[in-house]
Structures are given as structure tokens and as C-alpha cells.
Amino acid sequence: GAGVSQSPSNKVTEKGKDVELRCDPISGHTALYWYRQSLGQGLEFLIYFQGNSAPDKSGLPSDRFSAERTGGSVSTLTIQRTQQEDSAVYLCASSLGGAGMDGYTFGSGTRLTVV
Amino acid sequence: QQQVKQSPQSLIVQKGGISIINCAYENTAFDYFPWYQQFPGKGPALLIAIRPDVSEKKEGRFTISFNKSAKQFSLHIMDSQPGDSATYFCAARPNTGGFKTIFGAGTRLFVKA
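Presented here is a report on the structure given in the accompanying data block.

Cut-off values and rules
- Residues numbered from 1 in each chain as written.
- Chains lettered and ligands numbered in written order.
- Predicted model: local features only at pLDDT ≥ 70, side-chain atom pairs only at ≥ 80, totals over all residues.
- Heavy atoms only, no water.
- Phe/Tyr/Trp six-rings, centres within 6.5 Å; stacked < 30°, edge-to-face > 60°.
- Helix = DSSP H or I, 4+ residues; strand = E, 2+ residues; numbered from the N terminus.
- Buried < 20%, exposed > 50% of the residue type's maximum accessible area, 1.4 Å probe, protein only.
- Salt bridge = Lys/Arg side-chain N within 4 Å of Asp/Glu carboxyl O.
- Pairing = 2+ DSSP bridges.
- Axes fitted to C-alpha atoms, helices over the stretch in contact; angles between N-to-C directions.
- Contact = heavy atoms within 4.5 Å.
- Buried area = accessible area lost by both parts, 1.4 Å probe.
- Polar contact = N/O pair within 3.5 Å; in protein donor to acceptor, adjacent residues only side chain to side chain.
- Nonpolar A, V, L, I, M, F, W, Y, C, P; charged D, E, K, R; others polar.

1. Re the packing of aromatic side chains
How two aromatic rings sit relative to each other is given by the distance of their centres and the angle of their planes.
Stage number 1. Here the structure, examined in full by the defined rule, presents 20 aromatic pairs over all chains.
Stage number 2. Geometrically, the ring pair formed by Tyr35(A) and Phe103(B) is edge-to-face, given 5.2 Å between the ring centres and 85° between the ring planes. Separated into two different chains, Tyr35(A) in strand β4 (residues 31-37) and Phe103(B) in strand β10 (residues 102-103) make up a pair that spans both. Phe103(B) shares its class with Tyr35(A); the two are buried.
Stage number 3. Within the aromatic cluster, the residues linked to one another by ring pairs are Tyr33(A), Tyr35(A), Phe45(A), Tyr48(A), Tyr104(A), Phe106(A), Tyr36(B) and Phe103(B).

What follows is the structure, given as C-alpha cells:
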């Protein structure tokens, strides 16, 4: 597609439930990133996929968070047993990857509210 | 944790004025310094970027100034317009360790008409 697509755009869930957030990157972009943005805050790195390499999970805040990327394309971020502090906008970005003069293209995000 | 420190947190500028946002980075190997612009309800969008071997880059009303020795870089928005009102993030990408970009905390810019 022309841009990075994320779904759903909004998600309200009850505390303790599991949620899945989806990201469809730009075709041909080998790198995919998940960031989290809390209200009025900056961007917190969560996880990074590059081609067929093992993902960089160093930003995941707890073992309740996991992500996968199937076929080098679509990615799903899963949050198990959601907590109120997980409420945030979850942003996905993709890029050509590597060391080029290449910025990220972000999706519009999924706004997660845990009640 | 490698950091990029951004200031000010918020900025109010009169229409036609110059908006200046500053960032500083710590002692590490970054090779790419992008700026992103974010409107409410949208994801950040790449605005302009610079490599550390260049001291200045200009695109329209937007200019990045880069001081490698001081480990500082800044965004100047000339002739600021109400449509420039947004949150701006500076960022830096290391040239090792997977190239994941580190973002500043953001600056909320409001341009008064």
C-alpha cells in the first residue's frame, strides 16, 4: 500500500484481557518498528524487526508484551493481561532498513485504552 | 540508555516569527539526525534530516543546524505559520546495533495567528 496501515485505530479493553494490534508496513520495507506514545509524551521504542534477523526486543516493558512478523510483512503486537498503564498510542513504522539516509514512515497508530 | 535531549517542551510563536527547537545527544555514534512533525491523531511524519558531515540543511522554511563538536542540533522554522502548529520530535540513529532511532521527548509548537 501507499502507507503504513494500523488496525484497529482505537481499542478499548477491560483490564486483564489480551489485545492484538496489527501493522501492515509499506511493501518492500524490510525494517519494521513498534513504538509506544503515552499521552503528551515522547516515543518509547518497543521492538524492531529487520528482514529475517532475530528481532530486537530490548524495549518490550514486560513479558506480557510480544510481537511477531509473518513473512517479512505484517506484524502483530500482542499484549496479554492488559493493565491500565498499558493505555497509550501504539505506533508502527517501517523503513528500507540499514544505514541509508532513510527515515521512518509511521502509521496513524492504535489508541489503546484499558478500563 | 542512549539519550537525545530536546528543548523546549512547548513553544508559542507569533505568525511570521522564527521557531527554534534544540536537541543534544550523548557520546555515541549517531549517523543520521531526522526531525519528525506530528499532528493530533496522526503518526509522526519525517520532516527533514541531516548527516553529521553537514553543518546545515535547508528545505523551504525548515533548516537544521548541526554542531558536531558540541553534539547539538536544532530546527529553525522561518516565517512560522499557524499550520506549523504541531509536535516536533528530533531523533538520532546509531550506526551500529540495528539502526533503531532514538527520539527526543518532543516540543509542542503553537503559532499564534
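2. Re the pattern of salt bridges
Stage number 1. In this structure the tally under the stated criterion is 7 salt bridges over all chains.
Stage number 2. Across the pair Asp86(A) and Arg64(A) runs a salt bridge, and its minimum N-O distance is 2.8 Å. Remark: Arg64(A) occurs in the loop between β5 (43-50) and β6 (65-69) and Asp86(A) occurs in the loop between β7 (75-79) and β8 (88-95); sequence separation between them is 22 residues. As far as the burial class goes, Asp86(A) and Arg64(A) line up, both buried.
Stage number 3. In this structure, Glu59(B) engages Lys57(B) in a salt bridge whose closest nitrogen and oxygen atoms are separated by 3.6 Å.
Stage number 4. On the basis of relative accessible area, Glu59(B) is assigned to the partly exposed category, the value being 37%.

3. As for the sheet that holds β6(A)
In any sheet, the strands associate via hydrogen bonds between backbone groups, in a parallel or an antiparallel arrangement.
Residue and element names in this part refer to chain A.
Stage number 1. Read across the open sheet, the 4 strands follow the order β1-β3-β7-β6; overall the sheet is antiparallel. The open sheet terminates on both sides in strands that have one partner only, identified here as β1 (5-7) and β6. Neighbour-to-neighbour, the strand axes of this sheet turn through a mean angle of 15°, independent of strand direction.

4. Some thoughts on the interface of chain B and chain A
Stage number 1. Between chain B and chain A, the residue contacts involve 24 residues of the former and 22 residues of the latter.
Stage number 2. Of the roughly 1,700 Å² buried between chain B and chain A, counting both surfaces, carbon and sulfur atoms make up 55%.
Stage number 3. Remark: the boundary between chain B and chain A carries 5 residue pairs in polar contact (both at pLDDT 80 or more).
Stage number 4. Only β4 (30-38), β5 (45-50) and β9 (86-94) of chain B provide two or more residues apiece to the side of chain B that touches chain A.
Stage number 5. Broken down by element, the side of chain B that touches chain A gets its largest block of residues, 4 residues, from β4(B).
Stage number 6. In the side of chain B that touches chain A, the residues fall into 10 nonpolar, 7 polar and 7 charged.

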